[in-house]
Structures are given as C-alpha cells and as structure tokens.
Amino acid sequence: AELGMRGPKKGSVLKRRLVKLVVNFLFYFRTDEAEPVGALLLERCRVTQEEPSGFSISFLEDPERKYHFACGSEAQCQEWMGALRRASYEFMRRSLIFYRNEIQKMTGKDPLEQFGISEEARFQLGGLKA
Amino acid sequence: MKLNERSVAHYALSDSPADHTGFLRTWGGPGTAPTPSGTGRRCWFVLKGNLLFSFESRESRAPLSLVVLEGCTVELAEAPVSEEFAFAICFDAPGVRPHLLAADGPAAQEAWVKALSRASFSYMRLVVRELESQLRQARHSLALHRHSSWKAIGSHCKPQAPDRRSPGLENGHSPSKDCSPVDSVEERGSEPAGQGLAEWQGPASLFLDRRQSPAFPETSYFSTLHNWYGQEITELRQRWLRRVWGSRPAREKQDGP
C-alpha cells in the first residue's frame, strides 16, 4: 500500500512510499521506482499505534528510535498493524511450538514427526521465551 | 538499498534460538574472484529463521554477510579442486550466482543442507498451517468424544440431550466456520478469556481468523478452553435436570475442566 513514512532521525519529513510486506521484511519504494529504497527486518520489533490512523515500528534494542507510518484510515492502520505483528519468523516459531504442544496433548502424537523435524532444537518447548 | 542494519545485527547476536551454527568455508563476498578458487575463507555461520549470517569468528560482534533464504534451493555441489563436503544455495532470480559453501565433514554437510532447505519462511508457514488444521481436527474429534462419554455417564437418565446437542456443537465450532475457540466463546455470549497482552496475538487467530484475538496461547487459551467446555457441560446438565424431574443427578461426574 501507499503510506506516509517518516524515518527515525530527528527532523525527518513524512514522504509517500509504496510499502510492501514480504515474509519478515517490510520493503519501501519511491512510488514510481521498481527498486526499493530500503527494507526493515521485522524481528524483535514492536508495532505501536501512534494516532488513530498511524503507527510506528521500533526495535527492542532501541525503542525510542521509531519509524512512523501514516495510513489512509483507521481500518487500514489496524490491518497493517495486525499483519506486521504476525510477520516475524519468531512469531511463527512460537505458533508452531504452541500447536505442536496442543496436538501432542490432545492426541498423544507429535505432529512434527511426519516432517522429520521433531528433534530439531528450535522447535522444543524449552526454547520458547516470552 | 538501505536496511535497518543495527537491528539486524542485534537480532543476529541476540539469544533468540539459532537454528544451526558452525564453521563453513565460503567463497562469496567482496574482493573474491567470480569463480570459486582456493580453499575459501573459514567463517562462523549462524542460521536464524530464514537468515544466514556469517561472522569472522564466534566472538565477532558484527556479521560479515547476510543471506536471506527465500526463493532458493540448497544442493550438493561440485567442490573446487580437492574440496569436499560442499553445497550451494541456488536462487531463482536471474543473474544471481549460487552461494558456495563447504562443511568440515559429511555429517556437518548433511546437517547444513537439511537445515538450510527448511529455513524459508514459506516452509515454516506451510508447517504452521498444517498444524493448525490438525489441531482443529483434533479439537473437533475431542469434542465429539466427550459427547460419547457424557452419554455413558448419563445413561441411567436416558440422555437424548447429547444426541440433540451434537448439531449444536457443530454450530459452535464447525471447521467450516473457521473459528478459533476464543471466537466460539464470544459467540455464545460468555466473556472472552484473556484480557492479557494487547500487543501479542494468540496464534489460534493467525490463519483461522482475520480478527485479532487478545489471548496469548500460553495462559489464557486454557481458560478459554475451560470456559468453552464448561459452558457445554452447564447446558447439558440443565437438560438432564429437566428430564429427570428434579431428582438429583447424584452420580453425575464432571470430567470436564
């Protein structure tokens, strides 16, 4: 979508950018260009509502440094915020661990065995950090 | 192209689980010849999610390179002269050279190829979707099973209630409606569990339902499930009470939540 975007530096100006969510990256383009101006990796980030139709993305290691986005409507803002919060690989990993655990409790079987990945360290419940 | 490099580096070095780590020899990188030659450069590699980082050493604080593992396949490769255990990350995109890497031994090579093949976001998404659908089915069968056990318990009370209840149950959480248990509870008018953590979403809503669920899986999901089953048990009980003309259902055992 085309959104207004403002970088984290002091005194940065709101610019129109074509913003595209691809897996766990948020790409942004000048509206008439094919190559992206830049990208944000959406891991360990926080999406916060700033105004009724605006939100910001900041990263856990520096929460005051915010990338601001202005949407066309509150509905669009909510839609983007939801999508961005679900976009990280870490979120999917947690979901996978959760589902695996639930299925195991209900059926007594490990659903990851069919994929041959049940032993992988990254899917163990102990690795889940809030 | 700009990238939020500082944050990316933080993620690389953070204590979030690494999916695979180890030393590999690499030939890519600035200042190297266009065709692989020599023994390559030995770097410390860290795979996190769909991102492969390389570092000069295990103690380095800044990554040397990042490869995003989307739209690629991993294949065993013909190593440069006298190099064994090599493999390549090949990209779909035109004009992008395969990324050549070599492990220290056959076990490491196999482990890396496996790990990298499964690293993509798309693969992860596939697995999560599959598990979601399995969980939905498991919940559905569990609910039907509970009906059979309620039948057995109430058999001296002539239970027709459970039979008639089944269609109701279907409405409550039929798979075709794509509802998570949180939403089923909401539809019955009982309060949704989990006021919880506003910024996080329960994964139950990830693909099943576009609406946001405030429930965080680890805690409030269970109380939601309890509310949900508890509701059904309450209704069933009321019907039994009506049928049995007020005689106390002394032997009624709740194996619910």
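This one's a predicted model, so the numbers in the text were calculated from it and none came from an experiment. (Residues numbered from 1 in each chain as written. Chains lettered and ligands numbered in written order. Predicted model: local features only at pLDDT ≥ 70, side-chain atom pairs only at ≥ 80, totals over all residues. Heavy atoms only, no water.)

## Remarks on helix 1 (residues 74-85) of chain A
Here's step 1: Counted at 1.5 Å a residue, the expected span for helix 1 of chain A with its twelve residues is 16 Å, and the 16 Å between its end C-alpha atoms agrees.
Here's step 2: Those residues of helix 1 of chain A that are buried lie in contact with strand 1 (2-6), strand 2 (15-22), strand 3 (25-29), strand 5 (45-51), strand 6 (54-59) and helix 2 (89-107) of chain A. (Helix = DSSP H or I, 4+ residues; strand = E, 2+ residues; numbered from the N terminus. Expected span 1.5 Å × (residues − 1). Contact = heavy atoms within 4.5 Å.)

## Details of the layout of surface pockets
Here's step 1: Roughly 500 Å³ of volume is contained in the second largest pocket.
Here's step 2: If you trace the second largest pocket, you find 21 residues lining it, with A:Gly7, A:Pro8, A:Tyr28, A:Tyr67 and B:Lys2 closest to the centre.
Here's step 3: When residues of the lining of the second largest pocket are traced back to their parent elements, those giving at least two are strand 1, strand 2, strand 4 (38-41) and strand 7 (62-70) of chain A together with strand 1 (2-3) and helix 1 (5-13) of chain B.
Here's step 4: Taken together, the residues that form the lining of the second largest pocket break down as nine nonpolar, three polar and nine charged. (1 Å grid on protein atoms, 1.4 Å probe; cavity = no way out; pocket = protein on both sides within 12 Å on 5 of 7 lines; lining within 4 Å. Points joined across faces, edges and corners; volume = space filled by probe spheres on them. Nonpolar A, V, L, I, M, F, W, Y, C, P; charged D, E, K, R; others polar.)

## Some thoughts on the interface of chain B and chain A
Think of interface size as the accessible area that goes away when the parts come together; that is how it is often given.
Here's step 1: On the side of chain A, 55 residues touch chain B, which itself brings 49 residues to the contact.
Here's step 2: Of the roughly 4900 Å² buried between chain B and chain A, counting both surfaces, carbon and sulfur atoms make up 65%.
Here's step 3: On the surface where chain B and chain A come into contact, there are two salt bridges.
Here's step 4: Close ionic contact of A:Asp62 with B:Arg6 constitutes a salt bridge, the shortest N to O distance being 3.9 Å.
Here's step 5: Our enumeration of links across chain B and chain A arrives at eleven residue pairs in polar contact (both at pLDDT 80 or more). (Buried area = accessible area lost by both parts, 1.4 Å probe. Salt bridge = Lys/Arg side-chain N within 4 Å of Asp/Glu carboxyl O. Polar contact = N/O pair within 3.5 Å; in protein donor to acceptor, adjacent residues only side chain to side chain.)

## A closer look at the nonpolar core
Side chains of nonpolar character tend, in soluble globular proteins, to be buried together.
Here's step 1: Of all hydrophobic cores here, the largest spans 28 residues; its most connected members are A:Leu96, A:Leu112, B:Phe53 and B:Leu131.
Here's step 2: Elements supplying a minimum of two residues to this core: strand 4 and helix 2 of chain A together with helix 1, strand 3 (41-48), strand 4 (51-55) and helix 3 (121-153) of chain B.
Here's step 3: By residue number, the principal contributor to this core is helix 3 of chain B, which donates seven residues.
Here's step 4: Looking at which domains feed residues into this core, each of domain 1 (2-87) and domain 2 (91-121) of chain A supplies at least three.
Here's step 5: Those residues within four positions of B:Phe53 in sequence are excluded, and the remaining contacts are B:Val8, B:Tyr11, B:Ala12, B:Trp44, B:Phe45, B:Val46, B:Lys48, B:Pro63, B:Ser65 and B:Leu66.
Here's step 6: Membership of the second largest hydrophobic core comes to 21 residues, among which are A:Tyr28, A:Val37, A:Cys45 and A:Met81. (Core = buried A, V, L, I, M, F, W, Y, C linked by side-chain atoms within 4.5 Å. Buried < 20%, exposed > 50% of the residue type's maximum accessible area, 1.4 Å probe, protein only. Domains from an automatic or database assignment.)

## What to know about the confidence of the model for chain B
All names here are of chain B.
Here's step 1: Taken over all residues, the pLDDT of chain B has a mean of 67, while the share at 70 or more is 54%.
Here's step 2: Scored below 50 in pLDDT, residues 155-221 shows 134 contacts in the model against residues more than four places distant or in partner chains.
Here's step 3: pLDDT under 50 marks residues 249-257. Its contacts with residues more than four places away, or in other chains, come to 19 contacts.
Here's step 4: The ipTM assigned to the predicted complex is 0.84, against a pTM of 0.65. (pLDDT = per-residue confidence, 0-100.)

## A closer look at the sheet that holds strand 4 of chain B
All names here are of chain B.
Here's step 1: Across the sheet, which stays open at both edges, the seven strands sit in the order 5-4-3-2-8-7-6 with antiparallel pairing between neighbours. Strand pairing shows two members of the sheet lacking a second neighbour, strand 5 (65-68) and strand 6 (72-76), which therefore form its edges. The sheet shows a mean angle of 35° between the axes of neighbouring strands, taken without regard to direction.
Here's step 2: Across four bridges, strand 7 (residues 86-91) lies against strand 8 (residues 99-102) in antiparallel orientation. When the sheet's bridge partners are listed, Ile-89 is paired in strand 8 with His-99. (Pairing = 2+ DSSP bridges. Axes fitted to C-alpha atoms, helices over the stretch in contact; angles between N-to-C directions.)

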